[in-house]
Amino acid sequence: MKKFFAITILSFFGMLPSKGISQEAFQKGEWLKFRIHYGMFTASFATLEVDETMVNGTPVYHIEGIGKSTAPLSWFFKVDDNYQTFIDKKDGKPYRFIRKINEGGHTKDLEVHFNHKDNQALVYNKKYNTNKTYTTKENVHDMLSAFYYIRNEISSDGLTPGEELNLNLFIDDENMDFKLQFLGREVIKTKFGKVATLKFRPFVMAGRVFKEKESLTFWVTDDENKIPVRIEADLAVGSLDADLDAYKGLRNPFRIIMD
């Protein structure tokens with residue numbers, strides 16, 4: 001379970017755009033809730049919510065992701081994660097990123113400020129009261145901004161099975177090249193009914209968390225929203241699944257296939 005919420009969000013990332021930002025996939029007030037299962041148990045819930053605010057006089061979307069463990073998992077492994085990003089409403093670039101987590105006693109409390117003009121990230125580590133500046137790559141994103149940036153950029157008409165897509169990420173104190181492969185289209189059953197989806201597989205690091213580098217698969221709606229509806233992960237010990245449990249405030253209709 002450790003780091004699953006962070007890895008789950010990271011898994012949604014990975015596509016370089018072929019056109020300009022459209023900002024048509026989401027809006028203020030969107031709220032998504034996911035139920036995460038570990039074996040037979042509901043291990044935790046995670047939510048993603050979109051709001052609006054200002055950063056240094058610039059209108060931005062403020063997006064917050066929260067993950068919390070439930071009983072019985074929380075009795076012996078507590079998860080309490082909070083992620084926030086502040087992204088430009090025009091081009092989707094992040095200005096600020098917050099990561100405050102407690103995963104079984106493993107804690108982090110970071111605030112990252114991005115300087116896209118100079119390709120730098122200033123990382124304030126609140127846990128140790130330290131500041132450090134890192135060099136970043138062009139068009140860099142954090143763990144949350146990447147997801148929402150990509151949602152606006154996916155063009156399902158232009159995707160072909162086997163296509164691999166990439167994105168530059170900065171996480172904690174390092175740059176990461178993230179790769180994602182499109183597997184194809186699939187209609188899946190959800191609690192809301194049958195949904196047409198796009199299926200992806202990110203390439204993850206095999207070892208302590210995942211069995212293989214291809215141990216993670218996820219499905220997003222094949223509509224204008226591009227919201228994740230299912231995630232499957234084969235871990236080093238056991239397996240985890242996550243399903244969309246509730247939603248509100250979508251910008252576009254959620255398409256359900258009627259039999």
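Above this note sits the structure.
Rules used in this analysis
Residues numbered from 1 in each chain as written. Predicted model: local features only at pLDDT ≥ 70, side-chain atom pairs only at ≥ 80, totals over all residues. Heavy atoms only, no water. Helix = DSSP H or I, 4+ residues; strand = E, 2+ residues; numbered from the N terminus. Buried < 20%, exposed > 50% of the residue type's maximum accessible area, 1.4 Å probe, protein only. Contact = heavy atoms within 4.5 Å. Areas by Shrake-Rupley, 256 points an atom, 1.4 Å probe, with all protein chains shown as cover. Polar contact = N/O pair within 3.5 Å; in protein donor to acceptor, adjacent residues only side chain to side chain. Phe/Tyr/Trp six-rings, centres within 6.5 Å; stacked < 30°, edge-to-face > 60°. Lys NZ or Arg CZ within 6 Å of the ring centre and 35° of its normal. Salt bridge = Lys/Arg side-chain N within 4 Å of Asp/Glu carboxyl O. Core = buried A, V, L, I, M, F, W, Y, C linked by side-chain atoms within 4.5 Å. Pairing = 2+ DSSP bridges.

Undergrad: Give a description of the overall build of the chain that names residues and reports values.
TA: Along its length, the chain carries three helices and 14 strands. Expressed as a percentage of the 259 residues in the chain, the buried residues total 49%. For the chain, the proportion of contacts with a sequence separation of at least 24, taken over those separated by at least 6, is 52%. By element, 48% of the accessible surface of the chain is carried by carbon and sulfur atoms, the whole surface being about 12400 Å².

Undergrad: Outline the environment of tryptophan 219, supporting the account with residue identities and numerical values.
TA: Considering the arrangement of structural elements, one finds tryptophan 219 in strand S12 (residues 216–221). Considered as a pair, tryptophan 219 and valine 229 are ten residues apart in the sequence and their alpha carbons are 5.9 Å apart. With residues up to four places along the chain from it excluded, the contact list for tryptophan 219 reads Glu186, Ile188, Thr197, Leu198, Lys199, Ile227, Pro228, Val229, Arg230, Ile231 and Glu232. For tryptophan 219, the side chain forms a polar contact with the side chain of glutamate 186, separated by 3.4 Å.

Undergrad: Please give an account of the side chain of threonine 85 that cites residues and values.
TA: By secondary structure assignment, the location of threonine 85 is in strand S4 (residues 79–88). Polar contacts involving the side chain of threonine 85 include one to the side chain of aspartate 142, which spans 2.8 Å. Those residues in contact with threonine 85 that sit more than four places away from it in its chain are Tyr61, His62, Ile63, Pro94, Arg96, Phe97, Asp142, Leu144 and Ser145.

Undergrad: Kindly report on the packing of aromatic side chains, identifying the contributing residues and their values.
TA: Each aromatic ring pair is summarised here by two numbers: the centre-to-centre distance and the angle between the ring planes. Considering all chains together, one arrives at eleven aromatic pairs under this definition. On the numbers, 4.9 Å between centres and 75° between planes, the contact of tyrosine 247 with phenylalanine 254 is edge-to-face. By relative accessible area, which is 12% here, phenylalanine 254 ends up buried. A network of ring pairs unites the aromatic residues Phe26, Tyr61, Phe147 and Tyr148 as a single cluster. The ring of phenylalanine 45 carries lysine 33 above its face, with NZ or CZ at 4.5 Å from the centroid.

Undergrad: Explain the pattern of salt bridges to me, using residue names and the numbers behind them.
TA: If you walk through the whole model with that rule in mind, you get 14 salt bridges. Two residues, lysine 108 and aspartate 172, come together in a salt bridge whose shortest N-O distance is 2.5 Å. One end of the pair, lysine 108, is in strand S6 (residues 106–115); the other, aspartate 172, is in the loop between strand S9 (164–171) and strand S10 (174–190), and 64 residues separate them in sequence. Judged by its relative accessible area of 26%, lysine 108 is partly exposed. By relative accessible area, which is 12% here, aspartate 172 ends up buried. The closest approach of N and O atoms between aspartate 243 and arginine 230, which form a salt bridge, is 3.0 Å. Placement of aspartate 243 in strand S14 (residues 239–248) and of arginine 230 in strand S13 (residues 228–234) is noted, with a sequence separation of 13 residues between them.

Undergrad: Break down the nonpolar core for me, citing the residues and quoting the values.
TA: Ranked by size, the top nonpolar core spans 55 residues in total, and within it Tyr148, Phe170 and Phe200 carry the most contacts. Of the residues forming this core, the biggest block, seven residues, is contributed by helix H3 (residues 143–153). The residues touching phenylalanine 170, leaving out its near neighbours within four places in the chain, are Val112, Phe114, Ala121, Val123, Tyr134, Thr136, Val140, His141, Asp142 and Asn175.

Undergrad: An account of the pairing of strand S7 (residues 120–125) is requested, with residue identities and associated values reported.
TA: Along S7, the buried face is formed by Ala121, Val123 and Asn125; none of Gln120, Leu122 and Tyr124, which line the opposite face, is buried. With antiparallel pairing between neighbouring strands as the criterion, S6 and S7 make up a hairpin whose turn holds four residues, including asparagine 119 at a positive phi of roughly 55°. Bridge analysis of S7 against strand S8 (residues 130–135) gives six bridges, and the strand direction is antiparallel. Within S8, the position partnered with valine 123 by the bridge is lysine 132. Connecting the antiparallel pair S7 and S8 is a turn made up of four residues, with asparagine 129 showing a positive phi of about 55°.

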